[in-house]
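Architecture at a glance
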Amino acid sequence: MSWLLRQKVTILTVAWTLILSVLTVLKVAPDGLNADILLNSVMSLQNVTLYYWGQNRLLNVLPLAVTLVKNPDLNLAVALALTSACFYGLLYLLSRVAAMLVGAKDERELSFRVFVATASLFVWVFTSHTISEIVIGHIEYSLAFLLLVIASLQLARWRGSGSDWRRLILPGAAIFLAIGLNPSTAIPAFCIAMFTALYKKKVSSSELALLAASGVAFIAWNYISRQFGKRLYYAFRLEVWQSGLQSVAANLWNQFDVPVLLLLVAAGSAARIGYVISSTTRDEKLQPLVSYVTRVVVLCSIGWVLLFSCSKWVETNNFAWRYFTYVLFAVMFLCALYLARHMNQWTAGRARALTGVGALASVVLLGSNVTRLHFDDYNVFQRIDALSEPGDRLYAGDYWVVWPSVLRDMRKGHESYGLAYRGEANKVAARKCALRLIKENGRATVYCLNDTVQSCLSQVDFVAGPLFALDSTHHGDGVTVIHVAESAPFLDVQGADFLNLPAEGGVDGGGTR
């Protein structure tokens, strides 16, 4: 019992992280799941490759982590919960760093309180779509940054002793995995090392180790990625910088729930004015550090926006805001830092009250309207149920419909494969399935979804071919059923059908060709 009391804050932190993770998934997944997210489970259950299918820059860490979970429903649930937990774990670590920077009297307790308050701000200030994308949509941001923070904290405690080299193994591995998961993580790693050295006015072994590990990891993964594809992710065009910057600024602004944001800014400003008027003490020793960290975070965020606003890869993806997720992480860290700074000065009663209000606010928002608990009720699966029934088959056509259809069929106990974009990563299994269906039924069925027959047949040949089309039948809006075989059928036509065959000859008066 005494041990439980001593670990009270740790237990509360873990419990709150799990509660937030599950509630957020239940809140945003029914409307937020899409082919990109579901493909993680498809890869996990069918073929875990080194990189996310169709790319050579994002390590398949999530599919690998859940690959032992063979039940499709459970696999998807675990993948979503794990992705969500990575984000909230990152949010806690950012709160922990904030508590360290302000010199907390009780670091663990302040970290927990700041974590609760920051999480509450996150779920209230951002739109549901943004929360979905950050929390369950892109583990390559939250997990990569989480690993970087862990490595940085570990290296900060390293003193460079020769006999202490084993302490470099964990942070080195974390950085290597983080940069493999998301190569752009090398930029914040470099910033942390450089600005830490500038603040201390010397380059210590910790900063050198962080720089060396990041540099080696970036070079190594860049070499490895070239063995799996020739896509160029590091090209920039200065001529698109101005238009790109405008698009990025607008896209980032649209991720906030503006009325709530303005209300909280007004409340925060009023509280700040009241604090300045009423406060009689100042922690002058910590003030320079907090101010320095703030300037560094703002400077690095501006630099990130300026750099990637002229990226050709970001331009190709319409300057999507997700490429600036690290900037949003920086905003959350600054919120945690200033919450920690003020809460560190509060009485225990006042701090507990705000923690309770923050926890209640998060539960109220995330727990509201959580009624769709079964995957069959989720929008992404209801949309495809309107197109086709589950079965053992192949799917071609629209990427955003094909992969949900594949996972839906797998969830219902059928063997199903996608031939759409990214399907080439699973060519062997897809062709094997097609040949099995042909052997059993004399033909394999391909559902062509939201696309032309010609386009779908091109996908069939590219992924599972060569196969030959027998016939195609229109089955309603957006659905055409195509039957394929391993070889061309024997030509057997009679009567009028024979006379209608295209030919360069003619027909005489007696009807003879």
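Quick caveat: nothing in here was measured; it's all calculated off a predicted structure. (Residues numbered from 1 in each chain as written. Predicted model: local features only at pLDDT ≥ 70, side-chain atom pairs only at ≥ 80, totals over all residues. Heavy atoms only, no water.)

**Looking at the overall build of the chain**
Along its length, the chain carries 22 helices and five strands. Evaluated residue by residue, the chain yields a buried proportion of 47% over its 513 residues. Across the chain, contacts joining residues at least 24 apart in sequence account for 71% of those joining residues at least 6 apart. A total of about 25100 Å² of accessible surface is found on the chain, and carbon and sulfur atoms cover 63% of it. (Helix = DSSP H or I, 4+ residues; strand = E, 2+ residues; numbered from the N terminus. Buried < 20%, exposed > 50% of the residue type's maximum accessible area, 1.4 Å probe, protein only. Contact = heavy atoms within 4.5 Å. Areas by Shrake-Rupley, 256 points an atom, 1.4 Å probe, with all protein chains shown as cover.)

**Describing a nonpolar patch on the surface**
A contiguous nonpolar surface patch, about 420 Å² in accessible area, is contributed by Ile187, Leu232, Tyr234, Phe236 and Leu307. By the element assignment, phenylalanine 236 lies in the loop between helix H11 (205-226) and helix H12 (241-253). Of the residues examined, phenylalanine 236 reaches a relative accessible area of 38% and is grouped as partly exposed. (Patch = residues over 30% accessible without salt bridge, like charges linked within 9 Å, V, L, I, M, F, W, Y side chains within 5 Å. Salt bridge = Lys/Arg side-chain N within 4 Å of Asp/Glu carboxyl O.)

**Description of the packing of aromatic side chains**
Applying the stated criterion across every chain, the model contains 23 aromatic pairs. Residue placement shows arginine 411 over the ring face of phenylalanine 381; its charged tip is 4.7 Å from the ring centre. (Phe/Tyr/Trp six-rings, centres within 6.5 Å; stacked < 30°, edge-to-face > 60°. Lys NZ or Arg CZ within 6 Å of the ring centre and 35° of its normal.)

**Focus on the state of the cysteines**
Counted under the stated rule, the structure contains one disulfide. Two residues, cysteine 448 and cysteine 456, share a disulfide whose sulfurs are 2.0 Å apart. Its S-S torsion of about 75 degrees marks the bond between cysteine 448 and cysteine 456 as right-handed, since a negative value means left-handed. Cysteine 456 shares its class with cysteine 448; the two are buried. (Disulfide = S-S within 2.5 Å.)

**Points about the environment of phenylalanine 126**
Its place among the elements puts phenylalanine 126 in the loop between helix H6 (107-125) and helix H7 (128-137). Overall, the relative accessible area of 5% leaves phenylalanine 126 in the buried class. In this structure the C-alpha to C-alpha distance between phenylalanine 126 and aspartate 257, which are 131 residues apart in sequence, comes to 5.2 Å. Leave out the neighbours within four places in its chain, and phenylalanine 126 touches Ile131, Gln255, Phe256, Asp257, Leu328 and Met332.

**Considering H6**
Over its 19 residues, H6 runs 26 Å from end to end, which matches the ideal 27 Å to within 8%, given 1.5 Å per residue. Counting buried positions over the 19 residues of H6 gives 14, a clear majority of the element. (Expected span 1.5 Å × (residues − 1).)

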